[in-house]
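As a plain string of letters, each chain reads:
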Amino acid sequence: MNQEIVIAGGGLAGLSLASGLRLREIPVTILEAGNYPRHRVCGEFISGVSDETLMNLGIAGVFNDALRHRSLVWFSQGKMIHQDQLTQAAIGISRYRLDERLRQQVESQGATIKSGFRARPEPQDGLVWTAGRRPRNGKWIGLKAHVRNFSKSADLEMHSGRNGYAGLAEVEDGWTNVCGLFKIDRSIQASGADLLPAYLNADGNTRLAEALVRAEWRVGSFTAVAGFELGRQIPVPGLLTLGDAESMIPPFTGNGMSMAFQAAECAVDPLTDWSHGKRSWQNTMNVVRAALIRKFRRRLTVAEMIHPILLENAGTSLLQSLSSARLFPFQQMLALVR
């Protein structure tokens, strides 16, 4: 008899892990606090994950009709500083659609999903915590919305500013996802969906803010999240964590969604062994944690070094100078955070 794996959190890491486990005929129950489908603060493009990883998790088919993005442009307070092409196309799909597709697939594979069930982070054998970041008194706010009738100059756009940055990527049905990370500014007098253009204005990206105000907004797509810190998260002793619950890479890298899938791949075989009685739970946790450190250490370290540079005038001026001299090492930087 295979022992059951319980996954607390039905986001990308939890759902893809469940799919990989069901491929190996492991019984799985997912405990999800929310309901499907719903919008989430997310860049909504997948860059740097291999087809092999998606196939190993049994989810490659979910992306068959998703958009493929290659061209990118980087602006700093409205001024273009770099244009480039991705060597591997990024996948464009909204979390609203992706999470629902993964839910349907996992249930069709025989997993049990209990929506509206909020689990507690209490260590126990067979429990994997993928329920996102743990609330902390952080300095960041994430804002996201879908807009339409909105022109872009490339498949992917990056807009950096004085106090944060925003990324734009097209998803399905002509919608463009606009997702920003900003330092919380108590002086901004706005609420609800007005927060996104207000933060962009305060950030020096006034042209982008004005374009958003004129665009068509997808009803219900605006979401916000605050109270978190980037980097490796503070672990709960004895609790096996994956995804954002384990580490949050600065979003300018565009690698967060890929890391969720890669983390699930790191965990699926050790968890299968535990289910078969071939490992103790402590050994399983040790093996998975070691695999995550090996997989993500470099990109997290590099991203945490570059992130503050993007929020300093001296840093963006340096990037502009390098780009003007055609010395901006974009592809090398990209490779370091993949």
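Scope of this entry: the structure provided in the associated data block. (Residues numbered from 1 in each chain as written. Predicted model: local features only at pLDDT ≥ 70, side-chain atom pairs only at ≥ 80, totals over all residues. Heavy atoms only, no water.)

## Topic: the sheet that holds strand β15 (residues 240-241)
Sheet strands pair by backbone hydrogen bonding; their relative direction is either parallel or antiparallel.
At step 1: Ordered by their spatial adjacency, 5 strands build an open sheet running β6-β2-β1-β7-β15, and the pairing between neighbours is parallel. The sheet is open, and its two edges are formed by β6 (112-115) and β15, each paired on a single side.
At step 2: Lying on the sheet, helix α1 (residues 12-23) is in contact with β1 (5-8), β2 (28-32), β6 and β7 (127-129); it crosses β2 at an angle near 170 degrees. (Pairing = 2+ DSSP bridges. Helix = DSSP H or I, 4+ residues; strand = E, 2+ residues; numbered from the N terminus. Contact = heavy atoms within 4.5 Å. Axes fitted to C-alpha atoms, helices over the stretch in contact; angles between N-to-C directions.)

## Overview of the pattern of salt bridges
At step 1: Under the definition given, this model contains 13 salt bridges.
At step 2: Where aspartate 173 meets arginine 97, a salt bridge forms, and the shortest distance between an N and an O atom there is 3.3 Å. Residue aspartate 173 is found in the loop between β10 (164-170) and β11 (176-183), and its partner arginine 97 is found in helix α3 (residues 95-108); the two are separated by 76 residues along the sequence.
At step 3: For arginine 103, the salt bridge goes to glutamate 107, with nearest N and O atoms at 2.6 Å. With arginine 103 and glutamate 107 both in helix α3, this residue pair falls 4 residues apart, about one helical turn.
At step 4: Connected through shared salt-bridge partners, Arg40, Arg95 and Asp99 make up one network. (Salt bridge = Lys/Arg side-chain N within 4 Å of Asp/Glu carboxyl O.)

## So, the layout of surface pockets
At step 1: Of the voids in this model, the second largest pocket is the one considered here, and its volume is about 280 Å³.
At step 2: Breaking the lining of the second largest pocket down by element, the ones donating at least two residues are β9 (156-160) and α5 (206-214).
At step 3: A per-element tally of the lining of the second largest pocket places α5 first, with 4 residues.
At step 4: Counted by class, the lining of the second largest pocket contains 5 nonpolar, 6 polar and 4 charged residues. (1 Å grid on protein atoms, 1.4 Å probe; cavity = no way out; pocket = protein on both sides within 12 Å on 5 of 7 lines; lining within 4 Å. Points joined across faces, edges and corners; volume = space filled by probe spheres on them. Nonpolar A, V, L, I, M, F, W, Y, C, P; charged D, E, K, R; others polar.)

## Thoughts on helix α6 (residues 256-275)
At step 1: Along its 20 residues, α6 runs 28 Å from first to last C-alpha, staying within 8% of the 28 Å computed at 1.5 Å per residue.
At step 2: For α6, the tally of buried residues reaches 16 of 20 residues, placing the bulk of the element in the interior.
At step 3: Trailing α6 by a residue or two, glycine 277 shows a phi angle of about 80 degrees, which is positive. (Expected span 1.5 Å × (residues − 1). Buried < 20%, exposed > 50% of the residue type's maximum accessible area, 1.4 Å probe, protein only.)

## Description of the nonpolar core
Among soluble globular proteins, nonpolar side chains are generally buried collectively.
At step 1: With 78 residues, the main nonpolar core has Leu17, Phe63, Leu98 and Phe261 as its most contacted residues.
At step 2: Broken down by element, the residue count for this core peaks at 11 residues, all from α6.
At step 3: If we ignore the near neighbours within four places in the chain, the residues touching leucine 17 are Ile7, Val128, Leu242, Ala264, Ala267, Val268 and Leu271.
At step 4: Residues Tyr199, Leu208, Ala209 and Leu212 belong to the second largest nonpolar core, which totals 19 residues. (Core = buried A, V, L, I, M, F, W, Y, C linked by side-chain atoms within 4.5 Å.)

## Digging into the side chain of glutamine 233
At step 1: Summarising the element assignment, glutamine 233 is placed in the loop between β14 (231-232) and β15.
At step 2: Taking the relative accessible area as the measure of exposure, glutamine 233 reaches 7% and is therefore buried.
At step 3: Polar contacts involving the side chain of glutamine 233 include one to the main-chain carbonyl oxygen of glycine 231, which spans 2.8 Å.
At step 4: If we ignore the near neighbours within four places in the chain, the residues touching glutamine 233 are Arg133, Arg134, Arg136, Asp244, Ala245, Glu246, Ser247 and Met248. (Polar contact = N/O pair within 3.5 Å; in protein donor to acceptor, adjacent residues only side chain to side chain.)

## Here's the deal with the packing of helix α4 (residues 195-202) against α5
At step 1: Viewed as axis vectors pointing N to C, α4 and α5 meet at an angle of 160 degrees, and their least axial separation amounts to 7 Å. Compared by their axis directions, α4 and α5 come out roughly antiparallel. The two elements α4 and α5 cross, and the hand of that crossing is left-handed. Contacts between α4 and α5 involve Leu196, Pro197, Leu200 and Asn201 from the first element and Thr206, Leu208, Ala209, Leu212 and Val213 from the second.
At step 2: Along the lines of polarity and charge, the residues of the contact of α4 with α5 split into 7 nonpolar, 2 polar and no charged. (Parallel < 35°, antiparallel > 145°, perpendicular 65-115°, else oblique. Left-handed = near helix turned anticlockwise from the far one by under 90°.)

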